[in-house]
Amino acid sequence: MDVFELHDIRFSYADKTVIDGMSLSIPPGKFCGIVGPNGCGKTTVLDLLIRHKVPAAGSIVYQGKDLTKFSRKRLAMEIGLVPQDFYINFPFTAHEVVMMGRYPHIPRFNAPSAEDRQMVETIMAQTDVAGFKNRLVTALSGGERQRVVIARALAQDPAVLLLDEATSNLDINHSLKLLRVAAGGVKKKDKTVVAVMQDINLASMFCDYLIFMRHGQIVTHGATESVLTPDTIQDVFDVESQVFEDDFSGCRQVVFKN
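Predicted model only: the values in this text are computed from it and were never measured. (Residues numbered from 1 in each chain as written. Predicted model: local features only at pLDDT ≥ 70, side-chain atom pairs only at ≥ 80, totals over all residues. Heavy atoms only, no water.)

Visitor: What is the right way to look at the sheet that holds strand E5 (residues 65–66) in this model?
Guide: Each strand in a sheet pairs with another by means of backbone hydrogen bonds, the pair being arranged parallel or else antiparallel. Here four strands make up an open sheet; going across it, the order is E2-E1-E4-E5 and the pairing antiparallel. Edge positions in the sheet fall to strand E2 (16–26) and E5, since each has one partner strand and no second. As judged from the five bridges shared by strand E1 (residues 4–13) and strand E4 (residues 57–62), these two strands associate in the antiparallel manner. Directly across from Leu 6, in E4, lies its bridge partner Ile 60. (Pairing = 2+ DSSP bridges. Helix = DSSP H or I, 4+ residues; strand = E, 2+ residues; numbered from the N terminus.)

What follows is the structure, given as structure tokens:
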């Protein structure tokens, strides 16, 4: 059974159509990347998957059941999202923010359990934010704050993790570390990641399934080694490229003409 099935989805902002008749199945246990030009609807797809937005037409099925049939609490337990921009204006500590990821799993009026606290500690260590656990998030740099937000989503332990350019303002060291943690959940726990990514080479390193979008529609999708080709890049981005198997990274990489 596919994790998500999108059937003839349409979505508009005012009079601008963003998603135009999209149909797509997202397989389970994969690290899926969504790539495409700016404004092609990538972020909107994630908002639709987590039900932050509702399609004007069409339907979305999650785990064999219409997405609208799930309660908000159940979706919070099942699906985690790291948005492009996440602002916290209240003086919470980094530890408190990461612990918020456990809230959907904690019974009402109960305190976090020893298991909740241990999970938060483990995730904070894996994401390299334990060093400022007691600092206020309002006092952190943009990159540090983003790592805390990613740690919060990982602490949620969702079956599906949605990443919306989650590492775009991180240095390469922390980008790689955090994507490895997400990929580890796919390989070791059979979780699913759906990530909007701008860096096509980084997407190739971590994604075993790629979805190419343009003008609110799917151009192609499938296993990375099958769809990451010069023809696809030409069709989607209108640029010339060469795609080759890179021995050092162990995956396909793309180079462009200047």
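Next comes the rest of the account.
Visitor: Help me understand the packing of helix H4 (residues 114–126) against helix H5 (residues 142–155) in this model?
Guide: To characterise two packed helices, one gives the angle between the axes of the helices and the distance between these axes. Contact geometry for H4 and H5: axes closest at 9 Å, N-to-C directions at 140 degrees. The pairing of H4 with H5 is recorded here as oblique in orientation. The crossing of H4 and H5 is right-handed. Between H4 and H5, the residues in contact are Met 119, Val 120 and Ile 123 and Ala 151, Leu 154 and Ala 155, respectively. (Axes fitted to C-alpha atoms, helices over the stretch in contact; angles between N-to-C directions. Parallel < 35°, antiparallel > 145°, perpendicular 65-115°, else oblique. Left-handed = near helix turned anticlockwise from the far one by under 90°. Contact = heavy atoms within 4.5 Å.)

Visitor: Which parts of the structure should I look at to understand the packing of aromatic side chains?
Guide: This structure, assessed with the given rule, holds five aromatic pairs. Both rings, one in Phe 11 and one in Tyr 13, keep their centres 4.9 Å apart while their planes meet at 80 degrees; by these two values the pair is edge-to-face. Of the residues examined, Phe 11 reaches a relative accessible area of 10% and is grouped as buried. What makes Tyr 13 partly exposed here is its relative accessible area of 37%. (Phe/Tyr/Trp six-rings, centres within 6.5 Å; stacked < 30°, edge-to-face > 60°. Buried < 20%, exposed > 50% of the residue type's maximum accessible area, 1.4 Å probe, protein only.)

Visitor: Explain the confidence of the model for the protein chain to me, please; I cannot follow it from the model alone.
Guide: For any part of a model where pLDDT is low, the fine detail of the predicted coordinates should not be relied upon. The predicted model of the protein chain averages 94 in pLDDT, with 100% of residues at 70 or higher. Helix H2 (residues 72–78) is the least confidently modelled element of the protein chain, averaging 92 in pLDDT, while strand E3 (residues 31–35) averages 98, the highest of any element. (pLDDT = per-residue confidence, 0-100.)

Visitor: How should the sheet that holds E3 be read in this particular structure?
Guide: The strand order across the open sheet built from six strands is E6-E7-E8-E3-E9-E10, with neighbouring strands paired in mixed fashion. Looking at strand neighbours, the two that pair on one side only are strand E6 (79–82) and strand E10 (217–223), the edges of this open sheet. Between one strand and the next, the sheet's axes are offset by a mean angle of 15 degrees, whatever the strand orientation. As defined by bridge partners, E3 adjoins strand E8 (residues 192–196) across four bridges and the pair is classed as parallel. Pairing of Ile 34 across the sheet is with Val 196, part of E8. The sheet contacts of helix H1 (residues 42–49) involve E3, E6, strand E7 (160–164), E8 and strand E9 (209–214), and relative to E7 the element is tilted by about 150 degrees. Running over the sheet, H5 touches E6 and E7 and is turned about 175 degrees from E6.

Visitor: Help me out: how do you make sense of the nonpolar core in this one?
Guide: For soluble globular proteins, the rule of thumb is that nonpolar side chains tend to be buried together. Formed by 48 residues in total, the largest nonpolar core has its most connected members in Phe 31, Val 148, Leu 163, Val 193, Phe 212 and Leu 228. Dropping the residues within four chain positions of it, Val 148 is found in contact with Ala 94, Val 97, Val 98, Val 129, Phe 132, Val 137 and Leu 140. Counting 32 residues, the second-largest nonpolar core is a separate cluster that includes Val 3, Phe 4, Ile 26 and Val 196. (Core = buried A, V, L, I, M, F, W, Y, C linked by side-chain atoms within 4.5 Å.)

Visitor: How should unusual backbone geometry be read in this particular structure?
Guide: What is expected of a backbone is that most residues other than glycine have negative phi and most peptide bonds are trans. Even without being a glycine, Ala 14 presents a positive backbone phi close to 55 degrees. Its location among the elements puts Ala 14 in the loop between E1 and E2. Phi is positive for Asp 128, close to 65 degrees, though the residue is something other than glycine. Assignment of secondary structure puts Asp 128 in the loop between H4 and H5.

Visitor: Would you mind going over the pattern of salt bridges with me for this structure?
Guide: Side chains bearing opposite charge may pair, as long as their charged atoms lie close to each other. Under the definition given, this model contains twelve salt bridges. The salt bridge partner of Lys 53 is Asp 47, with a shortest N-O separation of 3.0 Å. In this structure Lys 53 comes out as partly exposed when scored by relative accessible area, which is 22%. Residue classification places Asp 47 among the buried residues on the basis of a relative accessible area of 13%. Residues participating in the shared-partner salt-bridge network are Asp 8, Arg 10 and Asp 20. (Salt bridge = Lys/Arg side-chain N within 4 Å of Asp/Glu carboxyl O.)

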